[in-house]
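Survey of secondary and tertiary structure
Below are the chains, spelled out letter by letter.
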There are 2 protein chains.
Amino acid sequence: MNLKDLADQLNLSPTTVSRALNGYPEVSEVTRARVEDAARRYNYRPNTQAKRLATGRAMAIGHVIPISTQHEIVNPVFADFIAGAGEVYARSGYDLLMTIVPDEDQDRIYREIRSKRNVDGCIVHSPKMAEPRIGLLRELGLPFVVHGRATLETGPYSWVDMNNIRAFHRATEFLIDLGHRRIALINGIETMDFAHRRRLGFEQALAARGVQADPGLMASGEMTEAQGYHEAMAMLAGPQRPTAFLTSSLLSAMGVRRALGDLGLVLGRDVSIVTHDDDLSYLRNGGDEPIFTATRSSVRDAGRRCARLLLRQIELGKAAVPKPVGELLEAPLIVGASTGPAPGV
Amino acid sequence: MNLKDLADQLNLSPTTVSRALNGYPEVSEVTRARVEDAARRYNYRPNTQAKRLATGRAMAIGHVIPISTQHEIVNPVFADFIAGAGEVYARSGYDLLMTIVPDEDQDRIYREIRSKRNVDGCIVHSPKMAEPRIGLLRELGLPFVVHGRATLETGPYSWVDMNNIRAFHRATEFLIDLGHRRIALINGIETMDFAHRRRLGFEQALAARGVQADPGLMASGEMTEAQGYHEAMAMLAGPQRPTAFLTSSLLSAMGVRRALGDLGLVLGRDVSIVTHDDDLSYLRNGGDEPIFTATRSSVRDAGRRCARLLLRQIELGKAAVPKPVGELLEAPLIVGASTGPAPGV
DNA sequence: GTGAAAGCGCTAACAT
DNA sequence: ATGTTAGCGCTTTCAC
């Protein structure tokens, strides 16, 4: 059943039917009702491709997921983010087009996407502090929203980001309030913007409370269980061992916990762990076991917001050049059984 | 630059240019070379939408990801699977179209996808033992490949699956060989086909070696850290505690490990853990720390195979009705530091 | 308020 | 081997 068939059934022209279905004002309400009714009865769905060709709009958003060839890791955050974004797209009639590319091919892929014209805009994932994709997309004239920020980028661009500085500032303060002075930071790779900001928040909080930062207690790496384990083992080996760990990821935190086990240390008594991690959504949010401090479904929310922002930008784009907007989200601070006062306090 | 422009530049008809670019045999090699050269120079890219409309092929594959509304979990396996599939699509010029839907809306979504005609086929994720989507897709005439199987489905269909029965059979045998007799199974939800099969493998191995299966040592649930922890705590509470755990997921295994810590039991000495988990890809495959038995990048491989199978089916579909095919993949057995002989052996 | 006609950029059947 | 013509199914002027 296509537009013409439907029009024939109704003894109307395809034009009128199209107008009725797309909410144009010049159709009489009675015809509109008739058309809508018939469309429903015949289960009519407009052919997406035809619509796209005619309007010149792809009605699709691209998500280009970089896949590092060095460490075969698909960032688990993507799943939740995309779930949120997908929700919004679905409601607005957009498709989500996903492309998985090796890190080094990104440039080529974006250009290709652009010239094939099969997306109206895209989301930039995992920005680095210096992010070449922003300049590229600007040059290509493809609307985009960055999930995160790129500190070293000078031009304007739209983004949605978690307030990483504040989250780590608060988490650090929380530990300081419990009497901890030797606090270790197990961070992500610090060329990534989020990791850079997390470190800033950590350092600022220490400085604000007059606690001396110890470079030996700051590690930056790949946010795996193994990383957490190794860094914790190393840091806990010396005489000046940390009394608390602040980690960037749930996996790292689990690694730290394993290290504690191996060393016969008790979590929450000898050593505390606080983690800011969007991955917590993998654990059942049963509420029965708040082991970690974490930002729960915040990633999904970020996905929704990114999507909304981008769609608004695209819709507006037809009329005026939209001006870039940023949205800063706060991470909830959830405190659980993994923390306690510093030993001797 | 579109086809017509390019043709004008070359003093050829759009038809010839199209034929040259699409590898039709009737073009002379010299014209083809001229055309290809010009296309490259002008950076010509065919408009995807137009091509799709003209050919009636969407050049896209749909992935419908069910998102359970009850437990807010996005199965982390999807990320890796999709990375594999995406790789194949990219090479073949297909797009990957992702839709995230609440479990209960699936029916509607598939019908919509079908009538909007924006995918040529789709992948069915996470099949249950009784899987209604298979019948639906068959009825809709939309080509599909199932990642996994649906035991209770009687009709033919194409699938790619991990050999879950064998994986768990071998893992169980491995533990029996180490002298373990009281082996606990921490499984996924057993209406899911993979979980059902894993249990089968476990039970078959016990039976084959004359070990009595204990219903008290079999748990089925959501594969979270909390599940592993709770089930392990419960099972280890009694006097007849298990000496080994076989878990379906890395998270569950981590939960079990935490329980051991809380109870002062030593991993690999008092209790062994073996886990079959595709999630291990989240951990850096540094090789320095084989804590678990696992199927590593196997999920990504499954993604690739599913995609290839589906594309083949679609290409063939034009000519003949393709007959369903199944592919059974073996999971590697990786053994690490988390296992040891049964106490007293 | 409705319809006829042209066109979006490509492919494919039918010439030549 | 190349060109002509007619669509694919929709939107969008423009005319009534």
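Source: prediction; values computed, not measured.

**Considering the overall build of chain A**
Check the secondary structure of chain A and you find 12 helices and 10 strands. Classification of the 345 residues of chain A by burial places 54% in the buried group. Considering only contacts within chain A whose residues lie at least 6 apart along the sequence, 69% involve residues at least 24 apart. Just so you have it, chain A exposes about 14500 Å², and 53% of that area is on carbon and sulfur atoms.

**Describing the protein's contact with DNA strand C**
Neighbouring DNA strand C are 26 residues; A:Arg19, B:Leu3, B:Ser18, B:Tyr24 and B:Tyr44 lie closest to it. A distance of 3.1 Å is found between a phosphate oxygen of DNA strand C and a side-chain nitrogen or oxygen belonging to B:Asn22. Listing elements by their share of the surface near DNA strand C, those giving two or more residues are helix H2 (14-21) and helix H4 (48-55) of chain A together with helix H2 (14-21) and helix H4 (48-55) of chain B. A class-by-class count of the residues in the surface near DNA strand C yields 10 nonpolar, 12 polar and 4 charged.

**Concerning the packing of aromatic side chains**
Scanning the model with the defined rule gives 0 aromatic pairs over all chains in all. Between the NZ or CZ atom of A:Arg258 and the centre of the ring of A:Tyr229, over which it lies, the distance is 3.9 Å. Sitting over the face of the ring of B:Trp159, B:Arg149 holds its NZ or CZ atom 4.4 Å from the ring centroid.

**A few points about unusual backbone geometry**
Phi at A:Met59 takes a positive value of approximately 50 degrees, unusual for a residue other than glycine. By secondary structure assignment, the location of A:Met59 is in the loop between H4 and strand S1 (60-67).

**Let's talk about the packing of H2(B) against helix H3 (residues 29-41) of chain B**
Residues and elements named next belong to chain B. Axis separation between H2 and H3 bottoms out at 9 Å; the angle between their running directions is 90 degrees. On the basis of their axis angle, the class for H2 and H3 is roughly perpendicular. Each of Val17, Arg19, Ala20 and Leu21 in H2 lies in contact with H3, whose residues at this interface are Arg32, Val35, Glu36 and Ala39. Among the residues forming the contact of H2 with H3, the class breakdown is 5 nonpolar, no polar and 3 charged.

**Topic: the sheet that holds strand S2 (residues 95-102) of chain A**
If you trace the 12 strands from one edge of the open sheet to the other, you get S10(A)-S5(A)-S4(A)-S3(A)-S1(A)-S2(A)-S2(B)-S1(B)-S3(B)-S4(B)-S5(B)-S10(B), paired in mixed fashion. Both edges of this open sheet fall to strand S10 (326-329) of chain A together with strand S10 (326-329) of chain B, since each of them pairs with a single strand only. Pairwise comparison of adjacent strand axes, ignoring direction, gives a mean angle of 20 degrees for this sheet. Of the strands in this sheet, S1 of chain A together with strand S1 (60-67), strand S3 (121-124), strand S4 (144-147), strand S5 (159-162) and S10 of chain B touch helix H12 (residues 298-317) of chain B, which is tilted by about 160 degrees from S4(B).

**Side note on the side chain of B:Ser158**
Residue and element names in this part refer to chain B. Position of Ser158 among the secondary structure elements: in the loop between S4 and S5. Take Ser158: its relative accessible area is 1%, and that puts it in the buried class. Only 2.9 Å separates the side chain of Ser158 from the backbone nitrogen of Val325, close enough to count as a polar contact. Apart from the residues lying within four places of it in its own chain, the contact partners of Ser158 are Phe144, Val145, Val146, Leu309, Gln313, Pro324 and Val325.

**Description of the sheet that holds strand S6 (residues 183-187) of chain B**
Residue and element names in this part refer to chain B. One open sheet accounts for 4 strands, arranged S7-S6-S8-S9; its pairing is parallel. The two strands at the open ends of the sheet, each matched to only one other strand, are strand S7 (218-220) and strand S9 (272-275). On average, each strand axis in the sheet is tilted by 15 degrees relative to the strand beside it, whichever way the strands run. Relative to strand S8 (residues 244-247), S6 runs parallel, the two being bridged by 4 bridges. Bridge pairing in S8 links Ile183 to Ala244.

**As for the UniProt feature "domain: HTH lacI-type" (unreviewed entry) in chain A**
UniProt feature "domain: HTH lacI-type" (unreviewed entry): in the numbering of this structure it lies at residues 1-55 of chain A. Annotated as 67% helix and 0% strand, the span residues 1-55 of chain A places its first and last C-alpha atoms 20 Å apart.

**A closer look at the confidence of the model for chain A**
Residue and element names in this part refer to chain A. Confidence in the prediction of chain A, expressed as mean pLDDT, is 84, and 87% of residues score 70 or more. Per-element averaging of pLDDT across chain A places S10 at the bottom with 81 and strand S7 (residues 218-220) at the top with 97. Within the model, the stretch residues 279-296 combines pLDDT values under 50 with 68 contacts to residues more than four positions away or in other chains.

**Considerations on the protein's contact with DNA strand D**
Among the 26 residues in the neighbourhood of DNA strand D, the closest are listed as A:Leu3, A:Ser18, A:Tyr24, B:Thr15 and B:Thr31. Taking all atoms of DNA strand D within 4 Å of the protein, the share assigned to sugar and phosphate is 59%. Within the side chain of B:Arg19, one N or O atom sits 2.8 Å away from a base nitrogen of DNA strand D. Interatomic distance of 3.3 Å between a backbone N/O atom of B:Ser28 and a phosphate oxygen of DNA strand D.

**Regarding H4(B)**
Listed as buried for H4(B) are B:Thr48, B:Gln49 and B:Arg52. Seen along its axis, H4(B) keeps its buried residues to an arc of 95 degrees; they face one direction. Across H4(B) from its buried face, at more than 90 degrees, point the exposed residues B:Ala54 and B:Thr55. For H4(B), the elements touching its buried residues are H4 and helix H6 (106-116) of chain A together with strand S2 (95-102) of chain B. Directly beyond the C-terminal end of H4(B), a positive phi value near 75 degrees is found at B:Gly56.

**Considerations on the pairing of S4(B)**
Residues and elements named next belong to chain B. Of the two faces of S4, the one lined by Phe144 and Val146 and the one lined by Val145 and His147 are each fully buried. In the classification by handedness, the crossover that spans S3, the intervening helix H7 (residues 132-140) and the parallel S4 is right-handed. Summarising the sheet, S4 and S5 pair through 2 bridges and their orientation is parallel. If you follow Val146 over to S5, its bridge partner there is Trp159.

**Focus: the packing of helix H8 (residues 164-177) of chain B against helix H9 (residues 193-208) of chain B**
Residues and elements named next belong to chain B. At their nearest, the axes of H8 and H9 sit 7 Å apart, and the two run at 35 degrees to each other. Every pair of crossing elements has a handedness; the one defined by H8 and H9 is right-handed. Seen from H8, the contacting residues are Asn164, Ile165, Phe168, His169, Thr172, Glu173 and Ile176; seen from H9, they are Phe194, Arg197, Arg198, Leu200, Gly201, Phe202, Gln204, Ala205 and Leu206. Its residues assigned to classes, the contact of H8 with H9 shows 8 nonpolar, 5 polar and 3 charged.

**Details of the pairing of S6(B)**
The two faces of a sheet get side chains in turn, since along a regular strand they alternate between them. All names here are of chain B. Taking burial as the measure, the 5 residues of S6 include 5 buried ones, the bulk of the element. Of the two faces of S6, the one carrying Ile183, Leu185 and Asn187 and the one carrying Ala184 and Ile186 are both buried. Two elements, S6 and S7, share 3 bridges in a ladder whose sense is parallel. Looking at S7, one finds that Ile186 is bridged to Ala219. This β-α-β element, S6 to H9 to S7, shows right-handed connectivity.

Quick notes on the rules
- Residues numbered from 1 in each chain as written.
- Chains lettered and ligands numbered in written order.
- Predicted model: local features only at pLDDT ≥ 70, side-chain atom pairs only at ≥ 80, totals over all residues.
- Heavy atoms only, no water.
- Helix = DSSP H or I, 4+ residues; strand = E, 2+ residues; numbered from the N terminus.
- Buried < 20%, exposed > 50% of the residue type's maximum accessible area, 1.4 Å probe, protein only.
- Contact = heavy atoms within 4.5 Å.
- Areas by Shrake-Rupley, 256 points an atom, 1.4 Å probe, with all protein chains shown as cover.
- Near = heavy atom within 4 Å.
- Polar contact = N/O pair within 3.5 Å; in protein donor to acceptor, adjacent residues only side chain to side chain.
- Nonpolar A, V, L, I, M, F, W, Y, C, P; charged D, E, K, R; others polar.
- Phe/Tyr/Trp six-rings, centres within 6.5 Å; stacked < 30°, edge-to-face > 60°.
- Lys NZ or Arg CZ within 6 Å of the ring centre and 35° of its normal.
- Axes fitted to C-alpha atoms, helices over the stretch in contact; angles between N-to-C directions.
- Parallel < 35°, antiparallel > 145°, perpendicular 65-115°, else oblique.
- Pairing = 2+ DSSP bridges.
- UniProt positions renumbered as here; feature names shortened; annotations may be inferred.
- pLDDT = per-residue confidence, 0-100.
- Arc of directions from axis to C-beta.
- Right-handed = clockwise from strand over helix to strand, strands pointing away.
- Left-handed = near helix turned anticlockwise from the far one by under 90°.

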